[in-house]
Amino acid sequence: MVTATNEEQRAAWLGGRLPEVERVRPGLWSIPVPIPINPLRYVLVYALELPDGVAIVDAGWDTPEAFAGLTAGLAVAGYTIADVRAVLVTHIHPDHYGLAGRVREESGAWVGLHPADARLIPDRYDEGFAEGLVRRERALLDRCGVPPASADELAGASMAVRHFVRLAEPDVLIEDGDRLDLPGWDLRAIWTPGHSPGHLCFAEPGRRLLLSGDHVLPRITPIVAVHPQAPANPLADYLDSLASIRALEADEVLPAHEYRFAGLADRVDHVIAHHHERLDEIEKTVAAAGEIACWDLATRLTWSRPWETIPLFMRRAANGETLAHLVWLEARGRVRRTPGTPDLWSPAT
Ligand SMILES: [Zn+2]
Ligand SMILES: [Zn+2]
């Protein structure tokens, strides 16, 4: 069972409100930073007090509202943006990394990121390279059997979020097991690929805390999808990195969305079980179809709402998630792929 460790924060999440800026522990603050036009509504930035300022874990989107939210939250803790010494980014999704560059400009803070995510930056966020990414996305959609009219529209769909990101190469590459140079803190990086190839969690063993980014959240599961920048089998990476944090001794998990909670091992077990149920459902649906393309398969699965009502750009994520599960099943010999345009999936035997 997952238990919210601050009932008010959970109530704010459920009630559609922004939670309070809070002192979670002496010297550790939770700051909700609003994110626009997104059902997640806010990212929880954590500020860790240092002898000469603060380090923050994640930053928010690069919008004036987010910057104002972060600034106001830091003010509650007694700091200004200029006091930020370090920005530890759990992963390069816009809601975590987008504002890091602006914070660095205003404060001179160093920005840290795992190399596997740092590597994706030019392709994803640099104007000059983005076209190549759109082309690869289009090829992937074709191999999934997405109807051409939808594929045209979907291939460039994520380019819009680049407006929420200030391109910022990291100053520090953070590797698995690194102990961060933050006086007063024993913060260890744990590489947890899956949701993003270079996703990082941060453990604080002395305070028995885990800052989990998007890797583990109390109620929702992060998207794990095949896309042009994803490694071969992202779901295998994700399930492995869930297992790798399961036994951590954390009294409290500090996620980047929703609310803080206790019960890490139970939550990990639940998420792993959820993916195995999904894998079983997909294997059965492939068996029933005999031979099917990924997109057609996605339309037949159970989603949180009927397929027809899912907006097109969310269908792309659904397709990428379905493909991640197919690739996992293929690696285990549970389904077979006949390459083509589209690839066709059939039962293994
Ligand atoms: Zn994310
Ligand atoms: Zn996120």
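Rules used in this analysis
Residues numbered from 1 in each chain as written. Chains lettered and ligands numbered in written order. Predicted model: local features only at pLDDT ≥ 70, side-chain atom pairs only at ≥ 80, totals over all residues. Heavy atoms only, no water. Core = buried A, V, L, I, M, F, W, Y, C linked by side-chain atoms within 4.5 Å. Buried < 20%, exposed > 50% of the residue type's maximum accessible area, 1.4 Å probe, protein only. Helix = DSSP H or I, 4+ residues; strand = E, 2+ residues; numbered from the N terminus. Contact = heavy atoms within 4.5 Å. Donors = N, O, S within 2.8 Å, 3.2 Å for Na, K, Ca; no water. Tetrahedral: all angles 85-135°; square planar, octahedral: opposite > 155°, others 65-115°. Axes fitted to C-alpha atoms, helices over the stretch in contact; angles between N-to-C directions. Parallel < 35°, antiparallel > 145°, perpendicular 65-115°, else oblique. Nonpolar A, V, L, I, M, F, W, Y, C, P; charged D, E, K, R; others polar. Salt bridge = Lys/Arg side-chain N within 4 Å of Asp/Glu carboxyl O.

Draft legend 1. Representation of the nonpolar core in the model. By size, the foremost hydrophobic cluster in this structure holds 45 residues, and its most contacted members are L210, L235, L323 and L326. Those elements that provide at least two residues to this core are α7 (127–144), α8 (148–155), β10 (200–204), α9 (234–246), α10 (264–289), α11 (294–300) and α12 (312–331). Broken down by element, this core gets its largest block of residues, seven residues, from α12. Those residues in contact with L323, other than ones at most four positions away along the chain, are L140, C144, V226, C294 and W345. Within the second largest apolar cluster, 38 residues are counted, among which are I31, I56, L74 and L99.

Draft legend 2. Region of the structure containing the coordination of the zinc ion (ligand 2). Within the protein, D95 (OD), H96 (NE2), D214 (OD) and H257 (NE2) serve as the donor atoms for the zinc ion (ligand 2), at 2.1 to 2.4 Å. Each of the four donor atoms bound to the zinc ion (ligand 2) contributes to angles spanning 85 to 156°, and the resulting shape is irregular. If you look at the zinc ion (ligand 2) and the zinc ion (ligand 1), they sit 3.5 Å from each other and are both ligated by D214. Remark: H257 occurs in the loop between β12 (252–255) and β13 (261–262) and D214 occurs in the loop between β11 (209–213) and α9; sequence separation between them is 43 residues. Assigned by exposure class, D214 and H257 land together as buried.

Draft legend 3. Main features of the coordination of the zinc ion (ligand 1). In this structure, H91 (NE2), H93 (ND1), H195 (NE2) and D214 (OD) serve as the protein donors to the zinc ion (ligand 1), at separations of 2.1 to 2.3 Å. Each of the four donor atoms around the zinc ion (ligand 1) contributes to a set of angles spanning 89 to 178°, which defines the coordination as irregular. Taken in sequence order, the residues that donate to the zinc ion (ligand 1) follow the motif H-x1-H-x101-H-x18-D. Classification of H93 by relative accessible area gives buried; the value is 17%.

Draft legend 4. Summary view of the side chain of D95. Within the secondary structure, D95 sits in helix α3 (residues 94–97). Judged by its relative accessible area of 8%, D95 is buried. With residues up to four places along the chain from it excluded, the contact list for D95 reads I35, L40, V43, G60, W61 and H257.

Draft legend 5. A look at the packing of α8 against α12. It is the contact of α8 with α12, at a shortest axis distance of 10 Å, that shows an interaxial angle of 95°. Judged by the inter-axis angle, α8 sits roughly perpendicular to α12. Each of S150, E153, L154 and A155 in α8 lies in contact with α12, whose residues at this interface are L312, F313 and R316. Here the contact of α8 with α12 is built from residues that sort into four nonpolar, one polar and two charged.

Draft legend 6. Representation of the environment of V268. If you trace the backbone, V268 turns up in helix α10. In this structure, the C-alpha to C-alpha distance between V268 and S244, residues 24 residues apart in sequence, is 9.9 Å. Apart from the residues within four sequence positions on either side, V268 is in contact with L242, I245 and R246.

Draft legend 7. Summary view of the pattern of salt bridges. All told, the structure shown has 25 salt bridges when counted by the stated rule. Here the residues in one salt-bridge network are E22, R25, E252 and R260, joined through shared partners.

Draft legend 8. Structural context of the packing of α10 against α12. Direction vectors running N to C along α10 and α12 enclose 80°, while the axes themselves pass 10 Å from each other. Classified by the angle between their axes, α10 and α12 sit roughly perpendicular to one another. Between α10 and α12, the residues in contact are H275, H276, R278, L279, I282, E283 and V286 and T322, H325, L326, W328 and L329, respectively. Classifying every residue of the contact of α10 with α12 gives six nonpolar, four polar and two charged.

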